[in-house]
Amino acid sequence: MSVNIIKDVKGGVCAPKGFLAGGVHCGIRKNHAKKDLAIILSVTECNSAAVYTQNKVFGAPIEVTREHLKNGMARAIICNSGNANTCNFDGVEKAHLTCRAAARMLGLDEDDVIIASTGVIGQKIDLAPIYSGIEMLKGNLTPDGSEDAAMAIMTTDTRIKQTAVQFDIGGQTVTIGGIAKGSGMININMATMLSFITTDANITTEMLQKALKIVVADTYNMVSVDGDTSTNDMAAIMANGLARNELIDAEGEAFDAFVEGLLTVGEYMARLIARDGEGATKLLECNVQSAPDEDTAKRVAKAVVMSNLVKAAMFGCDANWGRVLCAIGYTPGNFNVHLIDVTISSKIGTCSVCKNGYGLDFYEDMAKKVLSADEITINVFMNQGKCQARAWGCDLTYDYVKINGDYRT
C-alpha cells in the first residue's frame, strides 16, 4: 500500500496526541546557554520499541533501557547531554537512580522510563544536577516542549533536528513525531546518534519493533559522518494508541502505511544528521541504482559516503571520480566494475564522469560549479540488476579535526 498523502506538521515529538516534552540546563554542561536534560512523556502507557548500537562497548543507559523494555512498555524518555555515562563502574547504578528520580517526579514505575545519555565517554556522571533538572522540569512539560527537548540532547550539533508527519490509517489521522541528535562519532550501525520518536498510532509492540527495524535499516543505518560507531546510539519509539485506528497487529495495508510514515521521519532525520556532521559544509548523498542485490547496493552507497578521500574531494570541489570508483572497488560483493556509470549532480547541474568503469571527458569548470553546492548527489548506476539504496554523509573539512582535537577538554 502507498499512503496517499503524508503531510508535514509542526510540533516534533509533541505533535502526536498525548505527548508532552521539555528541556532545561541543569548544570551537566559548563555552558549555561546549552540545555542538557530532556524529558518526553506520554499521558498514557505506550507500546514501545528500540534499537541500539552494535558497538561492543555501550553506555550504561542502553543496558538499563534494554532491561526496562523487556515488557515492551514505557511512558517516558529521559536524556542528558554532556556525559555519555559509558565505561563508568557505577554507570548502571546511576542510570537506575536517574530513572527512579524521573519516575517519582512523573508518578510512574521506574521500568516505564527509557534512559539515554550522550557526551564524553569515561567521565563519571554527577547525579546532583540531574536531580535538580528533574525538579525544574516538574510541571514544565508542555505540548510545545519538543524544541527544548531537541536542544537539550545536542552535543556538537549546530542544528535542531525535529520533524512530524500525519497520514490516514483506516480513516483515522495518525501522527508520528521525532527529534534526534548527531554530528560526530557517526557511523550508525544499530546504531553519537540518538533519536526519540513518538506516535499516537494503535500498534502492538511486536509490530512497532518490526517497523522500527525496517526503517532504521534504510535510514539511520545509511548515515556516516566519520566511520566511528558510537557507544550510545539508540533509536526509541513510543506509541500510545490515541489515534484510535484499528489495532495494527499484523502485516498488511495498515502496517505498510505506518512504515511509510515512519520512513518519512527516518529519512528526514538521517539527512539532517549527515548535513550537520562535525565541521561539514556539504551534505553528500550516494544514490546507487540497478545493483545486483539490496545488500550490494547498501554496501556500495555506504562505502562511497564513508571514503575520506571522496569526502575531502567534495570539500575541495574536486570531481575526482577515481576516488568514487576506488571506494566501490573495495566494497565486498559479486559485481562487475566495468559495467558501472557515475554522475555527480547538485541543484546547479549534472556531470557524467564515468562510463563502463572508464573516465569521460568533462568540463572541469562546470564540475567545480556543480560541486560548489551545499548538497551533492553521487549517482552510481551499476547496470547489473534492479536493486537500489541511498546513503548520506558529509564532506571532510579542517574544522572536523579542530572540533575533535579538543572535544574532551
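See the structure above.
A short tour of the structure in this document, coming up. Only a predicted model underlies this, so the values are computations on that prediction, with no experimental measurement involved.

1. Focus on the overall build of the chain
For the chain, the count of helices and strands is eleven helices and 15 strands. Summarising its shape, the C-alpha atoms of the chain cover approximately 65 × 55 × 35 Å along the three principal directions. For the chain, the residues scored as buried account for 58% of the 409 residues in total. For the chain, the exposed area adds up to about 16,800 Å²; of that, 49% sits on carbon and sulfur atoms.

2. Observations concerning the packing of aromatic side chains
Under the definition given, this model contains one aromatic pair. Seen from their ring centres, Phe-315 and Tyr-398 are 5.3 Å apart, and the 90 degrees between their planes marks the pair as edge-to-face. Of the two residues, Phe-315 is situated in helix H8 (residues 308-315) and Tyr-398 in helix H11 (residues 398-405); the sequence distance between them amounts to 83 residues. You can call Phe-315 partly exposed: its relative accessible area is 26%. Among the residues examined, Tyr-398 registers a relative accessible area of 63% and is labelled exposed. The ring of Tyr-52 has Arg-66 sitting right over it, with the charged end atom 4.7 Å from the ring centre. A cation over a ring is seen here: Arg-66 above Phe-58, with NZ or CZ 5.2 Å from the ring centre.

3. Comments concerning a nonpolar patch on the surface
Taken together, the side chains of Ile-348, Tyr-363 and Met-366 define a hydrophobic patch exposed on the protein surface, amounting to about 330 Å² of accessible area. As for its position among the elements, Met-366 is in helix H10 (residues 364-371).

4. Some words on the nonpolar core
Judged by nonpolar contacts, the single largest core of 73 residues is most densely connected at Phe-258, Val-288 and Val-380. With sequence-adjacent residues up to four places away left out, Phe-258 is seen in contact with Phe-167, Ile-169, Ile-176, Thr-199, Ala-201, Ile-203, Leu-208, Ala-211, Ile-237 and Ile-248. Counting residues in hydrophobic clusters, the runner-up holds 26 residues, among them Ala-50, Cys-79, Ala-149 and Phe-196.

5. Notes on the packing of helix H5 (residues 205-218) against helix H6 (residues 253-275)
Contact pair H5 / H6: the axes reach a minimum separation of 9 Å and the direction vectors enclose 45 degrees. Taken together, H5 and H6 sit at an angle that is classed as oblique. For H5 against H6, the interelement crossing comes out right-handed. On the side of H5, the interface is formed by Met-207, Leu-208, Lys-210, Ala-211, Leu-212, Ile-214, Val-215 and Asp-218, while H6 contributes Phe-255, Phe-258, Val-259, Leu-262, Leu-263 and Gly-266.

How each quantity is defined
- Residues numbered from 1 in each chain as written.
- Predicted model: local features only at pLDDT ≥ 70, side-chain atom pairs only at ≥ 80, totals over all residues.
- Heavy atoms only, no water.
- Helix = DSSP H or I, 4+ residues; strand = E, 2+ residues; numbered from the N terminus.
- Buried < 20%, exposed > 50% of the residue type's maximum accessible area, 1.4 Å probe, protein only.
- Areas by Shrake-Rupley, 256 points an atom, 1.4 Å probe, with all protein chains shown as cover.
- Phe/Tyr/Trp six-rings, centres within 6.5 Å; stacked < 30°, edge-to-face > 60°.
- Lys NZ or Arg CZ within 6 Å of the ring centre and 35° of its normal.
- Patch = residues over 30% accessible without salt bridge, like charges linked within 9 Å, V, L, I, M, F, W, Y side chains within 5 Å.
- Salt bridge = Lys/Arg side-chain N within 4 Å of Asp/Glu carboxyl O.
- Core = buried A, V, L, I, M, F, W, Y, C linked by side-chain atoms within 4.5 Å.
- Contact = heavy atoms within 4.5 Å.
- Axes fitted to C-alpha atoms, helices over the stretch in contact; angles between N-to-C directions.
- Parallel < 35°, antiparallel > 145°, perpendicular 65-115°, else oblique.
- Left-handed = near helix turned anticlockwise from the far one by under 90°.

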